[in-house]
Amino acid sequence: VDWPAFPAPQQTFNKDSQEAEVQALDAVQLLAHGLEIKGNKYHCWYCEESVAREDVGKHLIPFYRKGQQHERYRGVWQDYAKWLQADGGEVQDYMTFEDRKFRCKCGAHDTCYLAPEHVKQNKHLSWMRGFKQPSQPVREKRATRWREVCKANLEEQIQLNISTQQELSSQLPPLVTAPVPVPAPAVKA
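Residues numbered from 1 in each chain as written. Predicted model: local features only at pLDDT ≥ 70, side-chain atom pairs only at ≥ 80, totals over all residues. Heavy atoms only, no water.

S.K.: Can you help me understand the pattern of salt bridges in this one?
M.R.: Oppositely charged side chains can form a pair if their charged atoms are brought close together. Summed over all chains, the structure comprises 8 salt bridges. Between Glu 19 and Lys 58 there is a salt bridge; the shortest N-O distance is 3.5 Å. In this pair, Glu 19 is assigned in helix 1 (residues 19-23) and Lys 58 in helix 3 (residues 56-60), connecting sequence segments 39 residues apart. According to the relative accessible area criterion, Glu 19 is partly exposed, its value standing at 22%. The closest approach of N and O atoms between Glu 48 and Arg 100, which form a salt bridge, is 3.3 Å. In this pair, Glu 48 is assigned in the loop between strand 2 (41-44) and strand 3 (49-51) and Arg 100 in the loop between strand 4 (95-98) and strand 5 (101-104), connecting sequence segments 52 residues apart. (Salt bridge = Lys/Arg side-chain N within 4 Å of Asp/Glu carboxyl O. Helix = DSSP H or I, 4+ residues; strand = E, 2+ residues; numbered from the N terminus. Buried < 20%, exposed > 50% of the residue type's maximum accessible area, 1.4 Å probe, protein only.)

This is how it looks when you write it as structure tokens:
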């Protein structure tokens, strides 16, 4: 899937959030923030980077530079996902999406989230004047079908991601471990 397929986050973080709040999240709650279990680390789908278990808080809390970066990328990808679900049916005759990249028949190609801006550029608009599109009723029917398929596929992908993360999380210790009890000093009689 070339757009974020995650459940809605139940908790958001701000600059005043504490790392303990993040550490208390389970795998599905972390998935809602784009963090997927990969081996003994997490992988951030939005930022396209590995995140060590001990750095999850710094990655999600916008007080930290990584947290600010994560928020920016998350917003960009979510805006792209909304655009693709709403307008993807309109561009399917001349644009393809694969491996987080778009390729347009006008010759342009770049990261997927730049596609909404690309279709507004003069070079693309000039190319579109010579492109033979299907009739308006056909385009409207295809766009409606596109939105239906996207919604169904997104819901299916979210459920698949949740079940995968639940299965993988059972193989990892929790982010927060219980404190190790310190034995009381021996008392001499």
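S.K.: So what exactly am I meant to see when it comes to the environment of Lys 101 here?
M.R.: Considering the arrangement of structural elements, one finds Lys 101 in strand 5. Placed 12 residues apart in sequence, Lys 101 and Tyr 113 show a C-alpha to C-alpha distance of 8.1 Å. Not counting the four nearest positions on each side in its chain, Lys 101 is found in contact with Thr 96, Asp 110, Thr 111 and Cys 112. (Contact = heavy atoms within 4.5 Å.)

S.K.: Can you help me understand the layout of surface pockets in this one?
M.R.: The rolling of a water-molecule-sized probe over the atoms marks out the regions of remaining empty space. A volume near 210 Å³ is recorded for the largest pocket. Breaking the lining of the largest pocket down by element, the ones donating at least two residues are helix 4 (65-91) and helix 7 (136-169). Ranked by residues supplied to the lining of the largest pocket, first place goes to helix 4 with 4 residues. The residue inventory of the lining of the largest pocket, partitioned by class, reads 11 nonpolar, 2 polar and 1 charged. (1 Å grid on protein atoms, 1.4 Å probe; cavity = no way out; pocket = protein on both sides within 12 Å on 5 of 7 lines; lining within 4 Å. Points joined across faces, edges and corners; volume = space filled by probe spheres on them. Nonpolar A, V, L, I, M, F, W, Y, C, P; charged D, E, K, R; others polar.)

S.K.: Please explain helix 4 as it appears in this structure.
M.R.: Residue pairs spaced three or four apart in an α-helix point in one direction, given the helix's 3.6 residues per turn. The sharpest bend along helix 4 reaches about 50° and sits at Gln 85. Along helix 4, the residues that are buried comprise Gly 67, Gln 69, His 70, Arg 74, Trp 77, Tyr 80, Ala 81, Trp 83, Leu 84, Gly 88, Gly 89 and Val 91. (Bend = angle between axes of the 7 residues up to and from the residue.)

S.K.: I would appreciate a short explanation of the packing of aromatic side chains in the present structure.
M.R.: The full count for this structure, using the stated rule, is 13 aromatic pairs. Between Trp 127 and Phe 131 the ring centres are 5.0 Å apart and the planes differ by 25°, which places this aromatic pair in the stacked class. Through successive ring pairs, a cluster of aromatic residues spans Phe 6, Trp 45, Tyr 46, Trp 77, Tyr 80, Trp 83, Phe 97 and Tyr 113. Residue placement shows Lys 58 over the ring face of Tyr 64; its charged tip is 5.5 Å from the ring centre. In this arrangement the basic side chain of Arg 100 is found over the ring face of Trp 45, its NZ or CZ atom lying 3.9 Å from the centre. (Phe/Tyr/Trp six-rings, centres within 6.5 Å; stacked < 30°, edge-to-face > 60°. Lys NZ or Arg CZ within 6 Å of the ring centre and 35° of its normal.)

S.K.: So what exactly am I meant to see when it comes to the pairing of strand 4 here?
M.R.: Successive side chains on a regular strand alternate, one facing one side of the sheet and the next facing the other. As defined by bridge partners, strand 4 adjoins strand 5 across 4 bridges and the pair is classed as antiparallel. Bridge pairing in strand 5 links Phe 97 to Phe 102. Connecting strand 4 to the antiparallel partner strand 5 that follows it, the hairpin turn spans 2 residues, and Asp 99 within it adopts a positive phi of roughly 50°. (Pairing = 2+ DSSP bridges.)

S.K.: Hey, could you run me through the side chain of Thr 111 in this one?
M.R.: By secondary structure assignment, the location of Thr 111 is in strand 6 (residues 109-111). Those residues in contact with Thr 111 that sit more than four places away from it in its chain are Trp 77, Arg 100, Lys 101 and Phe 102.

S.K.: Help me understand helix 7 in this model?
M.R.: With 34 residues, helix 7 extends 48 Å from end C-alpha to end C-alpha; this agrees with the ideal 50 Å at 1.5 Å per step. Where helix 7 is buried, its residues contact helix 2 (27-31), strand 1 (35-38) and helix 4. (Expected span 1.5 Å × (residues − 1).)

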